[in-house]
Amino acid sequence: MEAASIEMRFEEGTKKPCRTCKWQIADPTNPEQGQCTVGRTEMGAVWKRWIRDVFNMTCGKHEEGKLSFREHV
Ligand code: SF4
């Protein structure tokens, strides 16, 4: 089985939008945009990715829910 890809893709009307994903941090000034924090280096550092459309972007790592405060950066 192929590992779930974190490669973000545009998928109009996706049922798994970044919007509902626990790895997404909403942009307080623009609700359509946000940042994805699913990326981790081997050393544990987080690399954030810009999400230009949180309603229609998705990836194989989508997980519904909220990140606990401890996991946030
Ligand atoms: S769906 Fe994928 S790209 Fe979007 S926030 Fe979640 S992990 Fe990041």
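For the structure, see preceding data.
Residues numbered from 1 in each chain as written. Predicted model: local features only at pLDDT ≥ 70, side-chain atom pairs only at ≥ 80, totals over all residues. Heavy atoms only, no water.

K.L.:
Would you mind going over the sheet that holds strand 2 (residues 24–26) in detail, with residue names and values included?
P.N.:
Strand order in this open sheet of three strands is 2-3-4, and the pairing throughout is antiparallel. Of all the strands in the sheet, just strand 2 and strand 4 (46–51) have a single pairing partner and so form its edges. Neighbouring strand axes in the sheet, compared pairwise and without regard to direction, differ in orientation by 30° on average. (Pairing = 2+ DSSP bridges. Helix = DSSP H or I, 4+ residues; strand = E, 2+ residues; numbered from the N terminus. Axes fitted to C-alpha atoms, helices over the stretch in contact; angles between N-to-C directions.)

K.L.:
Tell me about empty space enclosed by the protein, and name the residues and values.
P.N.:
Applying the stated criterion across every chain yields a total of one cavity of 30 Å³ or more. By volume, the largest cavity amounts to about 80 Å³. Lining the largest cavity are 13 residues, with Cys18, Cys21, Cys36, Cys59 and His62 positioned closest to its centre. Across the lining of the largest cavity, the residue classes tally to eight nonpolar, three polar and two charged. (1 Å grid on protein atoms, 1.4 Å probe; cavity = no way out; pocket = protein on both sides within 12 Å on 5 of 7 lines; lining within 4 Å. Points joined across faces, edges and corners; volume = space filled by probe spheres on them. Nonpolar A, V, L, I, M, F, W, Y, C, P; charged D, E, K, R; others polar.)

K.L.:
Pulling in residues and values, what's your account of the pairing of strand 3 (residues 34–40)?
P.N.:
Here strand 3 lies mainly inside the structure; five of its seven residues are buried. Pairing between strand 2 and strand 3: three bridges, direction antiparallel. Bridging from a neighbouring strand, glutamine 24 pairs with cysteine 36 of strand 3. Relative to strand 4, strand 3 runs antiparallel, the two sharing five bridges. Counterpart to arginine 40 in the pairing with strand 4 is valine 46. The loop that links strand 3 with its antiparallel partner strand 4 comprises five residues; one of these, glycine 44, has a positive phi angle of about 95°. (Buried < 20%, exposed > 50% of the residue type's maximum accessible area, 1.4 Å probe, protein only.)

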